[in-house]
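Working through the structure, step by step
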Amino acid sequence: MPFLTIHVVEGRSDEDLSCLLDSIHAAVLDAFSVPERDRYQILHQHPASRFVVQDTGLGITRTSSRVLIEITSRPRTTGEKQAFYAGVCARLDAECGVAPSDVVVTVTENGDDDWSFGHGRAQFLTGEL
Amino acid sequence: MPFLTIHVVEGRSDEDLSCLLDSIHAAVLDAFSVPERDRYQILHQHPASRFVVQDTGLGITRTSSRVLIEITSRPRTTGEKQAFYAGVCARLDAECGVAPSDVVVTVTENGDDDWSFGHGRAQFLTGEL
Amino acid sequence: MPFLTIHVVEGRSDEDLSCLLDSIHAAVLDAFSVPERDRYQILHQHPASRFVVQDTGLGITRTSSRVLIEITSRPRTTGEKQAFYAGVCARLDAECGVAPSDVVVTVTENGDDDWSFGHGRAQFLTGEL
């Protein structure tokens, strides 16, 4: 927790995909104060025509490097979310060559009883986490 | 925003997939009063056996044309949601030949601070949107 | 409702994938008191490197049999969720050979007006469900 689903256009190298996953996880660690191994990520690659990212009239140009990140998490403060948005853009730009104009993020929150990390237990309720 | 994930059975033509994406976006515009370029869509194609849509006992028959739409959005009124359900079925039927019996929709809501559309900013908070 | 998205590492047989889907649905029926045909499931297969499941420091070892289950549902009690976590692990272990240490679950809740099961209607509002 959090759990991230990451969408990109198909055609990137394995090395490039690993860069994305690593940079995004580093941004999670930076912003959310979670343990190093609190890492749950899925990456989907899509044909460009099946992965539509426009701009709500903001005047942002998207490229084939666009990345959309869905986050499911227990509640985070507005400040933590803002720190993640800024941080993940800075890292993806510096570490993977993805421009900040190509990064879209959406967060959905759930609660302590909404997670089981294994063994059929809800570890936020049992005191294990 | 909203962000839509659309699921279909594999085997449709590119033209058909584009029809689905365009019709669904038109239904979003009709129901949710968002800007024309407020378009964020992903489409997944699945083998039929890995995309199970039954009917909760409602007596609805599904076909290989079935479409399941997941929507993540800031809060919408019940009326807006109902307008979307009706509107997307009408459009998919008229424009893409998908029967209303083959359309399932589920919505999940989040908040103003849960969206960043680029540049690492939360545009609903900054006043840009 | 609920709607489940199930993630596994690619390479399983069709028979094995069906076992997973059937066992998980049986666990839904056991825990959530929903109709037999309240079955909405999608399964994604991923290359191992694009499906990262660590352990938040809990000391849980994951294998290539790991399964991550996302559930979107109307509100469930904590007891129902805990029953699902335990039950789905027991079934996946007994029926499909997936160890409880390889099963991660996350739940997101929505409301009565967030579902349309066909025909453009919100069946939890119309009295049909």
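Everything below is about the structure printed above this text.
Residues numbered from 1 in each chain as written. Chains lettered and ligands numbered in written order. Predicted model: local features only at pLDDT ≥ 70, side-chain atom pairs only at ≥ 80, totals over all residues.

Right, let's get into the interface of chain A and chain C. Each partner contributes to the interface: chain A provides 29 residues, whereas chain C provides 29 residues. Elements represented by at least two residues in the side of chain A that touches chain C include exactly helix 1 (14-32), strand 2 (40-46) and strand 6 (115-116) of chain A. Sort the elements by how many residues they give to the side of chain A that touches chain C and strand 2 of chain A lands first, with four residues. Grouping the constituent residues of the side of chain A that touches chain C by class yields 12 nonpolar, 10 polar and seven charged. Where strand 6 of chain A meets strand 5 (residues 103-109) of chain C, two bridges bridge the pair, whose relative direction is antiparallel. (Contact = placed C-beta atoms within 7 Å. Helix = DSSP H or I, 4+ residues; strand = E, 2+ residues; numbered from the N terminus. Nonpolar A, V, L, I, M, F, W, Y, C, P; charged D, E, K, R; others polar. Pairing = 2+ DSSP bridges.)

Across the boundary between the two partners, chain B contributes 29 residues, which contact 29 residues of chain C. Elements that contribute at least two residues to the side of chain B that touches chain C include exactly strand 3 (51-53), helix 2 (78-96) and strand 5 (103-109) of chain B. Tallied by class, residues from the side of chain B that touches chain C come to 14 nonpolar, 11 polar and four charged.

Okay, the relation of the copies chain B and chain C next. Mapping chain B onto chain C calls for a rotation angle of 120° and an axial translation of 0.0 Å; the resulting RMSD is 0.0 Å. Classification of the inter-copy transformation places it as that of a three-fold axis. Relative to the rotation axis, the closest C-alpha in chain B is found at Thr 108 of chain B, a distance of 4.6 Å. An overlap of only 3% is found between the interface residues of chain B and their copies at the interface of chain C, pointing to separate contact surfaces. (Least-squares fit on C-alpha atoms with pLDDT ≥ 70 in both.)

After a rotation of 120° and a shift along the axis of 0.0 Å, chain A superposes on chain C with an RMSD of 0.0 Å. The overlap is low: 3% of the interface residues of chain A also sit at the interface in chain C, so different surfaces are used on the two sides.

This paragraph deals with the sheet that holds strand 2 of chain A. Across a sheet, paired strands are connected by hydrogen bonds in the backbone, their directions being either parallel or antiparallel. With mixed pairing, six strands are arranged side by side in an open sheet as 6(B)-5(A)-4(A)-1(A)-2(A)-3(C). Across the chains shown, the open sheet's two edge strands, defined by having one partner strand only, are strand 6 (115-116) of chain B together with strand 3 (51-53) of chain C. In this sheet, strand 2 of chain A lies alongside strand 1 (residues 3-9) of chain A in parallel orientation, the contact comprising seven bridges. Note on strand 2 of chain A: the bridge partner recorded for Val 9 of chain A is His 46 of chain A. Against the sheet, helix 2 (residues 78-96) of chain A makes contact with strand 4 (67-73) and strand 5 (103-109) of chain A together with strand 6 of chain B, and its axis sits at roughly 145° relative to strand 5 of chain A, the strand it touches most. (Axes fitted to C-alpha atoms, helices over the stretch in contact; angles between N-to-C directions.)

The next point concerns helix 1 (residues 14-32) of chain C. Residue and element names in this part refer to chain C. An ideal rise of 1.5 Å per residue puts 27 Å on 19 residues; helix 1 measures up with 27 Å between its terminal C-alpha atoms. Three or more residues of helix 1 are buried, namely Leu 20, Ser 23, Ile 24, His 25, Ala 27, Val 28 and Phe 32. Here the buried face of helix 1 lies against strand 1 (3-9), strand 2 (40-46), strand 4 (67-73) and helix 2 (78-96). At the exit of helix 1 stands Ser 33, carrying a positive phi of roughly 50°. (Expected span 1.5 Å × (residues − 1). Buried ≥ 20, exposed ≤ 12 C-beta atoms within 10 Å, placed from the backbone.)

The next thing to look at is helix 2 of chain B. Residues and elements named next belong to chain B. Taking 1.5 Å as the rise per residue, helix 2 with 19 residues should run 27 Å; its terminal C-alpha atoms sit 26 Å apart, in good agreement. Taken as a whole, helix 2 has its buried residues at Lys 81, Phe 84, Tyr 85, Gly 87, Val 88, Cys 89, Arg 91, Leu 92 and Cys 96. Count one or two residues on from helix 2 and you reach Gly 97, which has phi positive near 70°.

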